[in-house]
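Residue-level structural notes
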Amino acid sequence: MSNLLSFFIPKEKKFFSMFEKASLNLVDISKLLVEMVKTSSIEERKRLRNEIENLEHVGDSITHDILNQLSLSFITPFDREDIHQLAVVLDDIADYINGVSSRIIIYKIEPSDITPEVVKLAELILRCTEELHIAVEQLRDLRNVEKINEAYVRINSIENHADDIFDMAIGKLFDEEKDPIKLIKMKELYATLETATDKAEDAADIIKSIQVKNA
Amino acid sequence: MSNLLSFFIPKEKKFFSMFEKASLNLVDISKLLVEMVKTSSIEERKRLRNEIENLEHVGDSITHDILNQLSLSFITPFDREDIHQLAVVLDDIADYINGVSSRIIIYKIEPSDITPEVVKLAELILRCTEELHIAVEQLRDLRNVEKINEAYVRINSIENHADDIFDMAIGKLFDEEKDPIKLIKMKELYATLETATDKAEDAADIIKSIQVKNA
Amino acid sequence: MSNLLSFFIPKEKKFFSMFEKASLNLVDISKLLVEMVKTSSIEERKRLRNEIENLEHVGDSITHDILNQLSLSFITPFDREDIHQLAVVLDDIADYINGVSSRIIIYKIEPSDITPEVVKLAELILRCTEELHIAVEQLRDLRNVEKINEAYVRINSIENHADDIFDMAIGKLFDEEKDPIKLIKMKELYATLETATDKAEDAADIIKSIQVKNA
């Protein structure tokens, strides 16, 4: 029934470009985060933190636009709930990336405290968002089962890798850091980085499930 | 099809009043929490903590009633899943508020350790639950798009404000608190307060999405 | 309509046995965890940790099989989204149990640091997974409202009990532990144990909601 209808009525194409804007924004934010954890200039860091915050607000308004469009659309390219959920989880990813950068500033984490594991995790977040952007682009034509599956598998494997890095970093932290307050700061920084990759996996799960339902 | 049916069959109205009971209960619990963080009397605190715990149990049984009614109802005013989800998230909010009050007692946080930020966050939780109650009341007539939207926007803005207060409080905590165990306690207290506002935002998201699907 | 169809077309029975494999695997992992927190042999611990990790990988591939089967199945015994969600949350439970065992190793928590509360929480996780397995077995015939309800109620009550144990353990920890780094480790261990029971409750919620929708 709904298949017949959707055959005759042009679908709301706007969602695709809005989601692509959201996922591309995540790639941009992630690039800034990688820059931020690599720079040793305090000035540059603050500038990057502000840029990340700005892009997080850009993400907020994209999310808002998607949800607004949803309330105005009679026909949607896939389930209303899935559009809602995907918008929310992409927003979450931006929140966690922003959370990493704001914690670096709020906790006054020195450039010299940035470990190779922090840099690695930031790079894995960037790779996750790049794969996520590929997956989001496939939403326009859900018959691309292969491409979505590949991105899905890669995001899962990046997330597993991030888990391993996280475990190792935490092990090292508890072995070496004797200052409990510094330990708390770094532990939370690692956890926020790792949660960003978890949320990327959640987003991949939603896209996969949209594809499964609409294949 | 389901629209035609629902035109002739009277809807299960019971859910509306049960949800209103749940959201009103949240307003009551939040008021007690604000009182609790403002009092300097140890006796009064314990009394308030017990009252909060009692209302949390009241909330549990409202949740139980909603889920029970759901299993007995053939026709529901909106999607079964949404009723389920909304019941669960309202329950979560009560859990986190109760979590704040129980941590104050379990961690033996002195009245003198209660910062202006703790009080502010408790007040923001109260404002969130008041707005949530307004949104829940609109479920009876989902054509009130304006009112739901207004509550939705306000809850989001309160939650953003809570995020800022949280960040500032955490910054100050790491700057000033030299006792790591006290720092851990306060950090967790702030995080629990802030999560309560997050959950209120999740509840607003669900209500918004119910309205979107049923508009 | 879908009822008529489902009357004539044999349902995908594979899901039932895959879910039963997943929930039985959780019972097995939980048993290993109970053994692990009870042994005082460092060797035995490492062996058990590896076994838990192996079973967690087994769980991963069961999850993968379920999601794969989902993408291949035209007819499913209940909503595609519910199959997806249940698979994911069962996977989460395995992750948290594995998280407990890996933290014990990574944080170098000595057998002498394992408190009676850690053992109790591990035992409650085992009881949760046993009940969950009973609930999962009922998915084959959702008219067993009683049995699902009973398991649901018991899991909720076990989870409440775990909450109380958790609160007590945290209270004692803050009262007695003066080494902040050790306190952080134990606090996180308790929290991971407790989250495993939360996730079991989430799984019970999903099964309950499947039953409600399909009764």
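Residues numbered from 1 in each chain as written. Chains lettered and ligands numbered in written order. Predicted model: local features only at pLDDT ≥ 70, side-chain atom pairs only at ≥ 80, totals over all residues.

The next thing to look at is the overall build of chain A. Scanning chain A from terminus to terminus reveals seven helices and zero strands. Written out in order from the N terminus, the α and β elements of chain A read α-α-α-α-α-α-α. Its C-alpha atoms give chain A a radius of gyration of 19 Å, within 12% of the compact-globule value 17 Å for 215 residues. Principal-axis analysis of the C-alpha atoms gives chain A an extent of 65 × 30 × 20 Å. Expressed as a percentage of its 215 residues, the buried residues of chain A come to 43%. Counting only contacts in chain A whose residues sit at least 6 apart along the sequence, the fraction spanning at least 24 positions is 83%. (Helix = DSSP H or I, 4+ residues; strand = E, 2+ residues; numbered from the N terminus. Rg over C-alpha atoms; globule rule 2.2 N^0.38 Å. Buried ≥ 20, exposed ≤ 12 C-beta atoms within 10 Å, placed from the backbone. Contact = placed C-beta atoms within 7 Å.)

With an RMSD of 0.0 Å, chain A superimposes on chain B once it is rotated by 120° and translated 0.0 Å along the axis. What the superposition gives is, in effect, a three-fold axis relating one chain to the other. Every residue of chain A has its C-alpha some distance from the rotation axis, and the shortest such distance is that of proline 180 of chain A, at 3.7 Å. (Least-squares fit on C-alpha atoms with pLDDT ≥ 70 in both.)

All names here are of chain B. Remark: helix H5 (residues 116-137) packs on helix H7 (residues 180-214), axes separated minimally by 10 Å, with the N-to-C direction vectors making an angle of 15°. Relative to H7, the element H5 lies roughly parallel. Here H5 runs over H7; the crossing is left-handed. Facing Val118, Leu121, Ala122, Leu124, Ile125, Cys128, Thr129, Leu132, Ala135 and Val136 of H5, the residues of H7 in contact are Leu189, Tyr190, Leu193, Glu194, Ala196, Thr197, Ala200, Ala203, Ala204 and Ile207. (Axes fitted to C-alpha atoms, helices over the stretch in contact; angles between N-to-C directions. Parallel < 35°, antiparallel > 145°, perpendicular 65-115°, else oblique. Left-handed = near helix turned anticlockwise from the far one by under 90°.)

What follows is about the interface of chain C and chain A. The extent of an interface is frequently quoted as the accessible surface area lost upon association of the parts. Counting residues at the interface gives 13 residues for chain C and twelve residues for chain A. It is helix H4 (residues 80-106) of chain C that provides the largest number of residues to the side of chain C that touches chain A, a total of six residues.

Counting from both sides, the interface comprises 13 residues of chain A and, opposite them, twelve residues of chain B. Broken down by secondary-structure element, the contributors of at least two residues to the side of chain A that touches chain B are helix H3 (42-72), helix H4 (80-106) and helix H7 (180-214) of chain A. Looking at which element gives the most residues to the side of chain A that touches chain B, the answer is H4 of chain A, with six residues. For the side of chain A that touches chain B, the residue count by class is seven nonpolar, three polar and three charged. (Nonpolar A, V, L, I, M, F, W, Y, C, P; charged D, E, K, R; others polar.)

Geometrically, a packed helix pair is captured by the angle between its two axes and the distance between the axes. Residue and element names in this part refer to chain C. Contact pair H4 / helix H7 (residues 180-214): the axes reach a minimum separation of 9 Å and the direction vectors enclose 165°. As summarised for this structure, H4 and H7 are arranged roughly antiparallel, according to the angle between their axes. In this structure, the crossing between H4 and H7 has a hand that is left-handed. When grouped by side-chain class, the residues that make up the contact of H4 with H7 number 15 nonpolar, four polar and six charged.

The end-to-end C-alpha distance of helix H3 (residues 42-72) of chain B, which contains 31 residues, comes to 45 Å, matching closely the 45 Å that a straight helix rising 1.5 Å per residue would cover. Buried within H3 of chain B are the following residues: Arg45, Leu48, Arg49, Ile52, Leu55, Gly59, Ile62, Ile66, Leu67 and Leu70 of chain B. Residues of H3 of chain B that are buried sit in contact with helix H2 (14-38) and helix H4 (80-106) of chain B together with H7 of chain C. (Expected span 1.5 Å × (residues − 1).)

Let's shift gears to the confidence of the model for chain A. Residues and elements named next belong to chain A. Across chain A, pLDDT averages 91, with 94% of residues at or above 70. Mean pLDDT in chain A bottoms out at helix H1 (residues 2-8), which sits at 49, and peaks at helix H5 (residues 116-137), which reaches 98. Complex prediction metrics read pTM 0.84 and ipTM 0.77. (pLDDT = per-residue confidence, 0-100.)

Here we take up the relation of the copies chain C and chain A. After a rotation of 120° and a shift along the axis of 0.0 Å, chain C superposes on chain A with an RMSD of 0.0 Å. Comparing interface residues between copies, only 15% of those in chain C also lie at the interface in chain A; the contact surfaces differ.

Here we take up the environment of glutamate 201 of chain C. Considering the arrangement of structural elements, one finds glutamate 201 of chain C in helix H7. The exposure class assigned to glutamate 201 of chain C is buried, which follows from the 20 C-beta atoms found within 10 Å.

Okay, unusual backbone geometry next. Working note: non-glycine residues mostly have negative phi, and peptide bonds are mostly trans. Even without being a glycine, lysine 108 of chain A presents a positive backbone phi close to 50°. Along the chain, lysine 108 of chain A turns up in the loop between H4 and H5.

Now for the environment of valine 118 of chain A. Residues and elements named next belong to chain A. Within the fold, valine 118 resides in helix H5. Considering only alpha carbons, one finds valine 118 and leucine 193, 75 residues apart in sequence, at a separation of 7.8 Å. When residues no more than four places from it in sequence are discounted, the contact partners of valine 118 are Val37, Leu189 and Leu193.

This part is about the environment of glutamate 20 of chain C. All names here are of chain C. Turning to its location among the elements, glutamate 20 is positioned in helix H2 (residues 14-38). Put simply, glutamate 20 and leucine 139 are 119 residues apart on the chain and 9.4 Å apart in space, counted from C-alpha to C-alpha. Those residues in contact with glutamate 20, other than ones at most four positions away along the chain, are Val136 and Glu137.

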